[in-house]
Amino acid sequence: MWKKIAGIGAAATLMLGLVACGNNTDKDASVGEQVNYKITGIDPGAGIMTATEQALKDYDLNKWTLTSGSSAAMTAALKKAYDKKDPIIITGWTPHWMFSKYDLKYLKDPKGSYGDAEEIHTITRKGFKADHPGANKLLSQFSWTEDDMGEVMLAIQDGKKPEEAAANFVKKHQDLIAKWTKGVDKVNGEEIKLGYVAWDSEIASTNVVGKVLEDLGYKVTLSQIEAGPMWAGIAKGSVDVSLAAWLPQTHKAYAEKYKGEFEDIGVSMKGVKIGLVVPKYMKDINSIEDLKK
Ligand code: PBE
């Protein structure tokens, strides 16, 4: 599989996330004072960033700021804080391996800034089905559980290369792969470009589906891009497929912007979630409303 990486440098984004600026560790300080009124975010194009800006408005958190960086920088900052039992507030989502590695909780969201019944959708450019009917069938039949995805994410987090973790998953779950590929014929080198953002969940799904397509004879390119260019690429037709469309809430702005310029061909996972996440050792804070104290 070919892999292309575009966008801001990983090192630069990692630095952004790692800059620690004199937190107030006084036990009596409010949670805001303890974390310098900072929420540790991810890449600016992520839907969870827009939702968090909205949450800051909905809950009148005008002293607070949302920092941006990347998924990798966010989890690095989380690890650093967690190891010292320091307070930290991150933009988090499920499925994600961080919930198996650390004891974390979502802050309650009584105002519903983060939406509720969220799903992961598979989208393609217009005309993809006509050009690649077999791949389109497979992609529309692709669906798996949080546990399935978790297996791949954890293997990657524990040091396996994404393509290796994906190949192991495919080998181990032949029954599942048989469902996805039911009625799909092999091809000889049809080229398909899968666009994805470097979110842990999407690294896992894209590598697994890429492997299954490859085994069917497709020539697959995995193209790592930012969220905006990913949606724009599908709309323009320079990207064939994305497994990374979180709807109806997370990517609402993109789906509205490109309405009529993409095909939504299936749901790969239901019951996914986004929100603000903190370590469970932050006992006094349970709701976004508690950030006002
Ligand atoms: N996420 C993971 C993405 C969608 C998948 C929740 C970080 C987002 O916020 O756009």
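Residues numbered from 1 in each chain as written. Predicted model: local features only at pLDDT ≥ 70, side-chain atom pairs only at ≥ 80, totals over all residues. Heavy atoms only, no water.

- Per an unreviewed UniProt entry, the protein is named Glycine betaine ABC transporter substrate-binding protein, and its organism is Bacillus changyiensis.
- Database annotation for the protein, UniProt heading Subcellular location (unreviewed entry): "Cell membrane". (UniProt positions renumbered as here; feature names shortened; annotations may be inferred.)

### Notes on the overall build of the protein
- Along the backbone of the protein there are 13 helices and ten strands.
- Relative to the 2.2 N^0.38 estimate, which gives 19 Å for 293 residues, the radius of gyration of the protein is 20 Å and therefore close to what a compact globule would have.
- Summarising its shape, the C-alpha atoms of the protein cover approximately 65 × 40 × 30 Å along the three principal directions.
- Relative to its full complement of 293 residues, the protein shows a buried share of 53%.
- A separation threshold of at least 6 residues defines the contact pool for the protein, and within that pool the share at least 24 residues apart is 81%.
- Separation of charge centres in the protein, based on 38 positive and 39 negative side chains, amounts to 1 Å. (Helix = DSSP H or I, 4+ residues; strand = E, 2+ residues; numbered from the N terminus. Rg over C-alpha atoms; globule rule 2.2 N^0.38 Å. Buried < 20%, exposed > 50% of the residue type's maximum accessible area, 1.4 Å probe, protein only. Contact = heavy atoms within 4.5 Å. Lys, Arg positive; Asp, Glu negative; His and termini not counted. Charge placed at Lys NZ, Arg CZ, Asp CG, Glu CD.)

### Considering the site of the ligand
- The immediate surroundings of the ligand are formed by Ile42, Ala46, Gly47, Ile48, Trp93, Trp199, Ser201, Glu202, Trp246, Thr250, His251 and Ile274.
- Within the backbone of Gly47, an N or O atom sits 2.6 Å from an oxygen atom of the ligand.
- The contact in question runs from an oxygen atom of the ligand to an N or O atom on the backbone of Ile48, over 2.8 Å.
- Protein burial of the ligand: of its 280 Å² of free accessible surface, 100% is covered by the chains.
- Counting residues per element, the ones that place at least two in the shell around the ligand are helix H3 (47-58) and helix H11 (200-215).
- The class makeup of the residues in the shell around the ligand is seven nonpolar, four polar and one charged. (Near = heavy atom within 4 Å. Polar contact = N/O pair within 3.5 Å; in protein donor to acceptor, adjacent residues only side chain to side chain. Areas by Shrake-Rupley, 256 points an atom, 1.4 Å probe, with all protein chains shown as cover. Nonpolar A, V, L, I, M, F, W, Y, C, P; charged D, E, K, R; others polar.)

### Points about helix H9 (residues 162-172)
- Taken together, the buried positions of H9 are Pro162, Ala165, Ala166, Phe169 and Val170. Along the axis of H9, the buried positions cluster into a sector of 135°, meaning they face one direction only. Exposed positions of H9 whose direction lies more than 90 degrees from the buried face are Lys171 and Lys172. (Arc of directions from axis to C-beta.)

### Things to note about the pattern of salt bridges
- Taken as a whole, this structure holds nine salt bridges when the rule is applied.
- Among the salt bridges present, the one from Arg125 reaches Asp131, with a minimum N-O distance of 2.9 Å.
- Asp215 serves as the salt-bridge partner of Lys211, at 3.0 Å between the closest nitrogen and oxygen. Placement of both Lys211 and Asp215 in helix H11 is noted, with a separation of four residues, approximately one turn of the helix.
- Residue class for Asp215 comes out partly exposed when judged on its relative accessible area of 38%.
- Look at the salt bridges and you will find they share partners, linking Arg125, Asp131 and Asp240 into a network. (Salt bridge = Lys/Arg side-chain N within 4 Å of Asp/Glu carboxyl O.)

### Focus on the environment of Gln249
- Within the secondary structure, Gln249 sits in the loop between strand S9 (241-247) and helix H13 (252-257).
- On the basis of relative accessible area, Gln249 is assigned to the partly exposed category, the value being 30%.
- The sequence separation of Gln249 and Thr221 amounts to 28 residues, and the corresponding C-alpha distance is 28 Å.
- Excluding residues that lie within four positions of it along the chain, Gln249 makes contacts with Ser113, Tyr114, Gly115 and Glu118.

### A few points about the nonpolar core
- The biggest cluster of nonpolar side chains holds 94 residues, and the ones touching the most others in it are Trp64, Ile89, Trp144, Trp180, Leu213, Trp231 and Leu291.
- With seven residues, strand S10 (residues 263-279) is the single largest residue contributor to this core.
- Non-local contacts of Leu213, meaning those with residues more than four positions away in its chain, are made with Ala135, Leu138, Ile192, Leu194, Tyr218 and Val220. (Core = buried A, V, L, I, M, F, W, Y, C linked by side-chain atoms within 4.5 Å.)

### Regarding the environment of Lys171
- Inspection of the secondary structure puts Lys171 in helix H9.
- Exposure remark for Lys171: the relative accessible area of 68% places this residue in the exposed category.
- For the pair Lys171 and Ala130, spaced 41 residues apart in sequence, the C-alpha to C-alpha distance is 30 Å.

### What to know about the side chain of His132
- Topologically, His132 is positioned in the loop between helix H6 (128-131) and helix H7 (133-141).
- When neighbours within four sequence positions are excluded, His132 is seen to be in contact with Arg125, Glu190, Glu191, Ile192 and Tyr218.

### Comments concerning the pairing of S10
- Pairing between strand S4 (residues 90-94) and S10: five bridges, direction antiparallel. Its bridge partner lying in S10, Gly92 is registered against Gly275.
- Relative to S10, strand S5 (residues 104-106) is paired through three bridges, and the arrangement is antiparallel. Among the inter-strand pairings, Lys105 is bridged to a residue of S10, identified as Val278.
- Relative to S10, strand S6 (residues 118-124) runs antiparallel, the two being bridged by seven bridges. Pairing of Thr122 across the sheet is with Gly266, part of S10. (Pairing = 2+ DSSP bridges.)

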